[in-house]
Amino acid sequence: MKLVYLTANKLPSKRSSLGKVILEMSKSFTNLLGSDFLLIMAQAQGPLEGIKYKSLRLPFKKGVSLYYFFWLLGFIIKNRKEQLVFFGNDFYLLAIVCFLKKWLPCRVCSDWHLMYDDWRDNYVARRSDWLTTTSQRLKNIIAMQTGVNPDKIFIERIGVDIDKFKNFPKNQVRQELGLPADKKLIGYIGSFTAVNHDRELKIMIDMLDFLPQNIMTILVGAKNNEKNDYEEYAKQKGAAHRFQIFDWQTDEDKVLKFEQAMDILIVPYPNKKHFTDYGFPYKVYEYMASGVPIIYSDLEIIREMLGDCAVSFIPENAKDLAKKVIDLLNDENKIASLKKITREKAKNYTWRKQAENIIEFLTKDNNLKPGQNQQQEEVKKRLKSLGYFDD
């Protein structure tokens, strides 16, 4: 098997969480598969150490899918003797491969992070040989809406690099980051939106109405005009002196320090379709590895991972969130227990472990099923008639 990770992204991307997922998984796939792995991307915007990749060097935005169609046609024909498996979450590109695989020898593993609610869902799902997804809830939705056999769908959690977290003295880190050392800091670190859906982080300002003055809200990850918007909202609420907001951080080490500088980390997502059905936050795994206790919005999709190692609150309820913050801060034994559980649990979700799980899923039944051999022979005959196979 030759695994080909397919994306139209330009990498590395300093403002995309998905870009980080692609690169980290590609590093692990390269380590595990060597020359049997290849990342194909629109353009490499810098060095990609430890990854076997091919940059198509596309300088344009329009016509990308058409370019990929003809490029992939040639690539598959050229590598027709390989057991090609295309993997990725760009469904326009996967749709191209799903179309080409009717005539050319290759297979598809589609990686699902959400439903698009258009033609891509059924077309790609029903033509994929395998599917991976980030949660049990999304797996159930895919199976129900597309009719795909659930046995073809593998739950692949996002990974984390535990070794990057260091045991820094909290006060030292806070001084370095410009954070107060004498306050209890309740933080969120990550993007403020998900696929153009507002994560509604203002609830973390609203909760301050119900909390003592020694507790502050810290938000890290503002882009564009978000910082001004949230600062103005804090002023309107009379909470500006208990609120700090920082721009999106491109320095990964700094991001991890922000996480470890908090007393509690919050996953405050609203009870709305994107977040209840698809929006499993990538940051959860970093939160777990940080060893900082977590409070999360009690949505089924998040409960899958945090139900046994974090505290939940009623979604969109600032008063309940504040109560859970107070209860947790006043229970040192619970804090110590949650820190230990989340840290240990995170060890099961390293990038390498997730890559190993996917490879095992793709290769556990490597023999072609009855009828597939015949299909492959028919493909070979078609190509031979066009002069692509030698006698």
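See the structure shown above.
What counts and what doesn't
- Residues numbered from 1 in each chain as written.
- Predicted model: local features only at pLDDT ≥ 70, side-chain atom pairs only at ≥ 80, totals over all residues.
- Heavy atoms only, no water.
- Pairing = 2+ DSSP bridges.
- Helix = DSSP H or I, 4+ residues; strand = E, 2+ residues; numbered from the N terminus.
- Axes fitted to C-alpha atoms, helices over the stretch in contact; angles between N-to-C directions.
- Contact = heavy atoms within 4.5 Å.
- Core = buried A, V, L, I, M, F, W, Y, C linked by side-chain atoms within 4.5 Å.
- Buried < 20%, exposed > 50% of the residue type's maximum accessible area, 1.4 Å probe, protein only.
- Parallel < 35°, antiparallel > 145°, perpendicular 65-115°, else oblique.
- Left-handed = near helix turned anticlockwise from the far one by under 90°.
- Nonpolar A, V, L, I, M, F, W, Y, C, P; charged D, E, K, R; others polar.
- Arc of directions from axis to C-beta.

Asker: I'd love a proper account of the sheet that holds strand 7 (residues 107–112), names of residues and values included.
Answerer: Two orientations exist for strands paired in a sheet by backbone hydrogen bonds: parallel and antiparallel. Ordered by their spatial adjacency, 7 strands build an open sheet running 5-3-1-6-7-8-9, and the pairing between neighbours is parallel. Of all the strands in the sheet, the pair left with one neighbour each is strand 5 (53–55) and strand 9 (153–155). Sheet twist, expressed as the mean angle between neighbouring strand axes with direction ignored, is 20°. The pairing of strand 1 (residues 2–6) with strand 3 (residues 37–41) spans 4 bridges and is parallel. Along strand 3, the bridge assignment pairs L3 with F37.

Asker: Can you break down the environment of Q244 residue by residue, with the values?
Answerer: Tracing the sequence through the fold places Q244 in strand 14 (residues 243–247). Once the C-alpha coordinates of Q244 and V220 are considered, the two residues, 24 residues apart in sequence, prove to be 8.5 Å apart. In contact with Q244, other than residues within four places in its own chain, are G178, L179, P180, M216, T217, I218 and L219.

Asker: Mind laying out the nonpolar core, listing which residues take part and the relevant values?
Answerer: One finds F29, M262, L306 and V325 to be the most contacted residues of the largest nonpolar core, which totals 97 residues. With residues near it in sequence (within four places) discarded, V325 still touches I186, M207, L211, I215, I264 and I295. Residues L6, L94, L100 and A125 belong to the second largest nonpolar core, which totals 39 residues.

Asker: Could you give an account of the packing of helix 3 (residues 91–100) against helix 4 (residues 119–127), naming the residues involved and the relevant values?
Answerer: Close contact between helix 3 and helix 4 brings their axes to 10 Å; oriented N to C, the two are set at 45°. The angle between helix 3 and helix 4 falls in the class oblique. Seen from above, helix 3 lies across helix 4 with left-handed handedness. Along the contact surface, helix 3 presents F91, Y92, L94, A95, C98 and F99, while helix 4 presents W119, R120, Y123, V124 and R127. Its residues assigned to classes, the contact of helix 3 with helix 4 shows 9 nonpolar, no polar and 2 charged.

Asker: Please give an account of the packing of helix 11 (residues 283–290) against helix 14 (residues 332–346) that cites residues and values.
Answerer: At a closest axis distance of 7 Å, the pairing of helix 11 and helix 14 adopts a crossing angle of 120°. In terms of their interaxial angle, helix 11 and helix 14 are classed as oblique. You can see that helix 11 and helix 14 cross each other, and the crossing is left-handed. Contact residues: helix 11 offers Y285, M288 and A289, while helix 14 offers T342, R343, K345 and A346. Grouping the constituent residues of the contact of helix 11 with helix 14 by class yields 4 nonpolar, 1 polar and 2 charged.

Asker: A description of helix 6 (residues 170–177) should follow, citing residues and the corresponding values.
Answerer: Each turn of an α-helix holds 3.6 residues, which means side chains three or four residues apart point in the same direction. Along helix 6, the positions that sit buried rather than exposed are V173, R174 and L177. Down the axis of helix 6, the buried set is contained in an arc of 100°. They therefore lie on one face. Check the buried side of helix 6 and you find it contacts strand 10 (184–189), strand 14 and helix 9 (252–261). Downstream of helix 6 by one or two residues, G178 has phi in the positive range, about 80°.

Asker: Which residues make up unusual backbone geometry, and what are the values?
Answerer: The linkage connecting L11 with the following residue, P12, adopts the cis geometry, with an omega of -5°. Relative to the helices and strands, P12 is located in the loop between strand 2 (10–11) and helix 1 (17–33). Positive phi values are uncommon outside glycine, yet D117 reaches one of about 55°. With respect to the secondary-structure elements, D117 resides in the loop between strand 7 and helix 4. Look at E200: it is not a glycine, yet its phi comes out positive at around 55°. Inspection of the secondary structure puts E200 in the loop between strand 12 (197–198) and helix 7 (203–206).

Asker: Tell me about the sheet that holds strand 13 (residues 215–222), residues and numbers included.
Answerer: In spatial order, the strands read 14-13-10-15-16-17; together these 6 strands make up an open sheet with parallel pairing. Single-partner strands in this sheet number two, and they are strand 14 and strand 17 (311–313). The mean angle between the axes of side-by-side strands here comes to 25°, regardless of whether they run parallel or antiparallel. Strand direction decides the pairing type here: strand 15 (residues 264–267) and strand 16 (residues 294–297), joined by 3 bridges, are parallel. In the strand pairing of strand 16, V267 is matched with Y296. Its contacts with the sheet put helix 13 (residues 318–329) on strand 10, strand 13, strand 15, strand 16 and strand 17, and the angle it makes with strand 17 is roughly 160°.

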